[in-house]
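# Secondary and tertiary structure notes
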Amino acid sequence: YAEIDVLWHQPSKYRTGFGASETRVTVPNIFAKISGVKDGNLNAYWDSVKWKLSPDTRVIIKSPSYKKYAESQLDVYKPYYNGEQILTEKLKNSPLNKYNYLSDNLQNLIFSKLQEAVDSGFLKLDPSELLPMILYVGTNLDREVLKLLQKYDFTKAIPKLIVIDVIEDTFSKVECIQLVLYNLLGLDILIYTPTGYRNIETFVSDMAFETHTMNEFEYNVHIPRFKIPDSIPEQ
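Summary of the structure given here. (Residues numbered from 1 in each chain as written. Predicted model: local features only at pLDDT ≥ 70, side-chain atom pairs only at ≥ 80, totals over all residues. Heavy atoms only, no water.)

### Describing helix 4 (residues 104-120)
Let me state the cut-off plainly: Secondary structure is summarised from DSSP: a helix means a run of H or I of at least four residues, a strand means a run of E of at least two, and numbering begins at the N terminus for each. Multiplying one less than the number of residues by 1.5 Å gives the expected span of a helix. The cut-offs for exposure are 20% and 50% of the maximum accessible area for each residue type, with area from a 1.4 Å probe on protein chains only; residues under the lower value are buried, those over the upper are exposed, and the others partly exposed. Whether two residues are in contact is decided by their heavy atoms: any pair within 4.5 Å suffices.
Over its 17 residues, helix 4 runs 24 Å from end to end, which matches the ideal 24 Å to within 8%, given 1.5 Å per residue. All buried positions along helix 4 are accounted for by Leu106, Gln107, Leu109, Ile110, Phe111, Lys113, Leu114, Gln115, Ala117, Val118 and Ser120. Tucked into the core, helix 4 has its buried residues touching strand 6 (85-86), helix 3 (88-92), helix 5 (127-138), helix 6 (143-150) and helix 7 (173-184). Just beyond helix 4, the residue with positive phi is Gly121, at close to 80°.

Structure (structure tokens):
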């Protein structure tokens, strides 16, 4: 748990496990859930969150009113996979590809990570819905996250996603797939859950992320307003 603070604002090239070749960059990123509040100290807890904000951070406050999807929406993806294999080129050249405005390199990265999400075993979904759900989510990624990916230099600052969850609703399938994809795309992800309730565990395997459990759980928590800073805070 202490290593998260050490690594959080560190450029990726200084992290243990970083590697680069002509065709591949290996970025050791963070995917963790912080369950509970150390000693019940909410002031220190929120200060810790604030310190982790940077210009390349997106903060999501978990809401019960997330976007729903109809089962019929998944049918349009059937021509774009065969068994457990995504037909990437066919998908890229289809009307379902909303990323034509992005560079070829970023498009290729996104579509390769869709297949990696299928193969990873990270998602606890029925095999019949795994492919179409990943394609549905993967072709509708958050625009703000796409902006982070557009300027992502894989050797330097790593884009961040912080999720704060203080409600009783667990994460939906869509939300869980989003988090797995964002992690595979290279983002550092922290899920703050002061209540200690289950959320990401519903549809994501525990081999995909770490859980750090504190000694107290806090309920009826008020989340302060967080402002994204113009620079990385001093270490």
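Having put the structure on the table, let's press on.
### Side note on the packing of aromatic side chains
Cut-off, in case you're wondering: In this scheme Phe, Tyr and Trp rings, the latter by its six-membered ring, pair at centre separations within 6.5 Å, and the angle between planes marks the pair as stacked below 30 degrees, edge-to-face above 60, and tilted otherwise. Charge-over-ring placement is defined geometrically: NZ (Lys) or CZ (Arg) within 6 Å of the ring centre, and within 35 degrees of the ring normal.
Summed over all chains, the structure comprises eight aromatic pairs. Their ring planes at 90° and their centres at 5.5 Å tell us that Tyr45 and Tyr192 sit as a pair that is edge-to-face. Placement of the pair is Tyr45 in helix 2 (residues 42-51) and Tyr192 in strand 8 (residues 188-193), with a sequence separation of 147 residues. Per residue, the accessibility class of Tyr45 equals that of Tyr192, and both read buried. Taking 6.3 Å as the distance between ring centres and 50° as the angle between the ring planes, the aromatic pair formed by Tyr99 and Phe111 counts as tilted. Of the two residues, Tyr99 sits in the loop between helix 3 and helix 4 while Phe111 sits in helix 4, which places them twelve residues apart along the sequence. Given a relative accessible area of 1%, Phe111 falls into the buried group. By the ring-pair criterion, three or more aromatic residues cluster together here, those being Tyr45, Trp46, Tyr192 and Phe226. It is Lys90 that lies over the ring of Tyr80; its NZ or CZ is 5.7 Å from the centre.

### A closer look at the environment of Lys78
With respect to the element layout, Lys78 can be found in the loop between strand 4 (57-61) and strand 5 (81-82). Along the backbone, Lys78 and Leu135 are 57 residues apart, and their C-alpha atoms lie at a distance of 9.6 Å.

### Concerning the pattern of salt bridges
The following threshold applies: Here a salt bridge means any side-chain nitrogen of Lys or Arg lying within 4 Å of a carboxyl oxygen belonging to Asp or Glu.
One pass over the full model with this rule turns up twelve salt bridges. The residue Lys151 makes a salt bridge to Asp56 at a minimum N-O spacing of 3.2 Å. Residue Lys151 is found in the loop between helix 6 and strand 7 (160-164), and its partner Asp56 is found in the loop between helix 2 and strand 4; the two are separated by 95 residues along the sequence. Overall, Lys151 belongs to the exposed group, its relative accessible area being 55%. Salt-bridge contacts for Asp153 lead to Lys156; the nearest nitrogen and oxygen are separated by 3.8 Å. Taking relative accessible area as the criterion, Lys156 reaches 47% and is therefore assigned partly exposed.

### Here's the deal with the packing of helix 4 against helix 5
Two quantities define a packed helix pair, namely the angle between the helix axes and the distance between the axes. We apply this condition: Axis definition: a line fitted to C-alpha atoms, over the contacting stretch in the case of helices. Angles run 0 to 180 degrees between N-to-C directions. Should an angle lie under 35 degrees it is considered roughly parallel, over 145 roughly antiparallel, and from 65 to 115 roughly perpendicular; all remaining angles are considered oblique. Helix crossings fall into two classes, left-handed where the near helix is turned counterclockwise from the far one by less than a right angle and right-handed where it is turned clockwise.
Running from amino to carboxyl end, helix 4 crosses helix 5 at an angle of 150°, the nearest separation of the two axes being 10 Å. For the element pair helix 4 / helix 5, the angle class is roughly antiparallel. Handedness of the helix 4/helix 5 crossing: right-handed. Residues Ile110, Leu114, Ala117 and Val118 of helix 4 form the contact with helix 5, whose own contacting residues are Leu130, Leu131, Ile134, Leu135 and Gly138.

### A short note on the side chain of Ser54
Quick note on the threshold: Polar contact is defined as a pair of N or O atoms within 3.5 Å, subject to the rule that within protein one atom must be able to donate a hydrogen and the other to accept it, and that residues adjacent in sequence are counted only when both atoms are side-chain atoms.
With respect to the helices and strands, the residue Ser54 is situated in the loop between helix 2 and strand 4. Of the residues examined, Ser54 reaches a relative accessible area of 4% and is grouped as buried. Within polar-contact distance, the side chain of Ser54 engages the side chain of Thr57 at 2.9 Å.

### Section: the pairing of strand 3 (residues 31-35)
Selection rule: Here the rule is simple: two strands pair whenever DSSP picks up at least two bridges between them.
With five of five residues buried, strand 3 lies mostly within the body of the structure. Of the two faces of strand 3, both are covered, the one formed by Phe31, Lys33 and Ser35 as well as the one formed by Ala32 and Ile34. Inspection of the sheet shows strand 3 paired to strand 8 by five bridges, in the parallel sense. Looking at the pairing, Lys33 lines up with Ile191 of strand 8. Bridge analysis of strand 3 against strand 9 (residues 210-213) gives four bridges, and the strand direction is parallel. In the strand pairing of strand 9, Ser35 is matched with Thr213.

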